[in-house]
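# Chain and residue survey
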Amino acid sequence: MMTCKELIHDFLMEYVQGDLGAEARIEFEKHLSVCPSCVRYIDSYRRTVEMTRELGSGADAASLPPPPPEGLVRAILAVAPKPPHA
Amino acid sequence: MQMTANEIPPPVAEPGDAALLARLKRGDAAAFESLVRDLSPRLFAVARRMMGNDQDASDALQDAFVSAFKALGDFDGRSRLSTWLHRIVVNACLMRLRSEKRRQRRTIEEILPRFVADGHAAKSASAWESGPAAAPVREELRRAVREKIDELPEAYRTVLILRDIEQMTTEQAAAALGESESAVKTRLHRARLALRELLDPVMSRGSL
Ligand SMILES: [Zn+2]
């Protein structure tokens, strides 16, 4: 029988991505059928990934961190290339 | 890099890119002003996310624009200016993360879930809050996720950001970091497990 540790460390990522081979998947799901803790764990793992992905999507756009300080913008502009004849 | 449908459109519109690029290549100061002012808020956010604080993000953003200004002559305009700059910022951050002796965080082992000798979890996993949260709670959660990501050890944080936030493929992240794909996969999984542990006190039912 697959242990909680094996399930979480070795098989969870592929399971969540749907990449787990048929045999391992059967073992994995057999464990889940008797281990409510791992069922809850997988749910929280999925949620962790979802919430992280949300930071990279537009969902986070409304809460962008403060804009770059004006001093930084000026420092960047100060090193911008100048026209060749200027 | 994947763009999602609800992402706010980059401020530099595609048709304008060619004209703007021509002006940039001529050294037109107004064009640089508009490029930097339009794009720096988004790029600063990317750098802030990768570097974990404003000071390092500012330094990385400055590095990135310096490289971009140097490389502008060779930029062929086949990708969007915003996409091109985004990639340069990510690279500038990676360079800094690699070179700097960064603040020592906890090791990943200290954060990862614990198991007893027979492989059972040392403590039963708690159920997480589910269902749609009100906007202020969602905002609170996003802040918590950002803070907890900042607590991850550097090597794990970087992989998590490239794969789950920047949405690079395993292959792209491996190339950007100069690591094998299997190392990236292992580290991503451990980073997610550690982040899940860090979020557990915030997300366990009854704590919101
Ligand atoms: Zn279990």
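Scroll up to find the structure.
Treat the numbers as computed from the prediction; the structure is a model and nothing was measured.

## Describing the overall build of chain A
- Assigned secondary structure in chain A consists of 4 helices and 0 strands.
- Listing the helices and strands of chain A from first to last along the sequence gives α-α-α-α.
- Relative to its full complement of 86 residues, chain A shows a buried share of 41%.
- Long-range contacts, defined as pairs at least 24 residues apart, comprise 58% of the intrachain contacts of chain A with a sequence gap of at least 6.
- Working note: accessible area of chain A is about 4,500 Å², and carbon and sulfur atoms make up 57% of it.

## With respect to the overall build of chain B
- The number of helices and strands found in chain B is 9 helices and 0 strands.
- Considering chain B as a whole, with its 208 residues, one finds that 48% of them fall into the buried category.
- A fraction of 72% describes how many contacts in chain B between residues 6 or more apart in sequence connect residues 24 or more apart.
- Surface summary for chain B: the accessible area is close to 10,200 Å², and the carbon and sulfur share equals 53%.

## Structural notes on the pattern of salt bridges
- Applying the stated criterion across every chain, the model contains 26 salt bridges over all chains.
- When the shortest N-O distance is used, the salt bridge between A:Arg74 and A:Glu70 registers 3.2 Å. Separated by 4 residues within a single helix, A:Arg74 and A:Glu70 lie in helix H4 (residues 70–78), roughly one turn from each other.
- Since its relative accessible area comes to 54%, A:Arg74 is described here as exposed.
- For B:Arg157, the salt bridge goes to B:Asp150, with nearest N and O atoms at 3.3 Å.
- Residue B:Arg157 is classed as buried on the basis of its relative accessible area of 1%.
- B:Asp150 sits in the buried class, given a relative accessible area of 17%.
- Several salt bridges converge on common partners, so that one network encompasses A:Glu54, B:Glu139, B:Arg142 and B:Arg146.

## Here we look at the coordination of the zinc ion
Residue and element names in this part refer to chain A.
- Note on the zinc ion: its protein donors are Cys-4 (SG), His-31 (NE2), Cys-35 (SG) and Cys-38 (SG). The metal-donor distances range over 2.0 to 2.4 Å.
- Of note is the zinc ion, whose 4 donor atoms meet at the metal with angles of 105 to 113° in an arrangement that counts as tetrahedral.
- All donors of the zinc ion belong to a single chain; written as a sequence motif, their spacing is C-x26-H-x3-C-x2-C. Highlighted residues: Cys-4 in helix H1 (residues 4–17) and His-31 in helix H2 (residues 22–34), separated in sequence by 27 residues.
- A relative accessible area of 3% means that Cys-4 is categorised as buried.
- The exposure class of His-31 is buried, given its relative accessible area of 3%.

## Some details on the packing of aromatic side chains
- Under the criterion given, the structure shown has 4 aromatic pairs over all chains.
- Considering the side-chain rings of A:Tyr15 and A:Phe28, the 4.0 Å spacing of their centres and the 15° angle between planes classify their relative orientation as stacked. Here A:Tyr15, found in helix H1, pairs with A:Phe28, found in helix H2; they are 13 residues apart in sequence, far enough to count as distant. You'll find A:Tyr15 and A:Phe28 in the same group, each marked buried.
- Ring geometry for B:Phe65 against B:Phe69: centres 5.7 Å apart, planes inclined by 40°, an arrangement best described as tilted. Pair noted here: B:Phe65 and B:Phe69 are both in helix H3 (residues 54–71), with a separation of 4 residues, about one helical turn. We note that B:Phe65, like B:Phe69, is buried.

The rules behind these values
- Residues numbered from 1 in each chain as written.
- Chains lettered and ligands numbered in written order.
- Predicted model: local features only at pLDDT ≥ 70, side-chain atom pairs only at ≥ 80, totals over all residues.
- Heavy atoms only, no water.
- Helix = DSSP H or I, 4+ residues; strand = E, 2+ residues; numbered from the N terminus.
- Buried < 20%, exposed > 50% of the residue type's maximum accessible area, 1.4 Å probe, protein only.
- Contact = heavy atoms within 4.5 Å.
- Areas by Shrake-Rupley, 256 points an atom, 1.4 Å probe, with all protein chains shown as cover.
- Salt bridge = Lys/Arg side-chain N within 4 Å of Asp/Glu carboxyl O.
- Donors = N, O, S within 2.8 Å, 3.2 Å for Na, K, Ca; no water.
- Tetrahedral: all angles 85-135°; square planar, octahedral: opposite > 155°, others 65-115°.
- Phe/Tyr/Trp six-rings, centres within 6.5 Å; stacked < 30°, edge-to-face > 60°.

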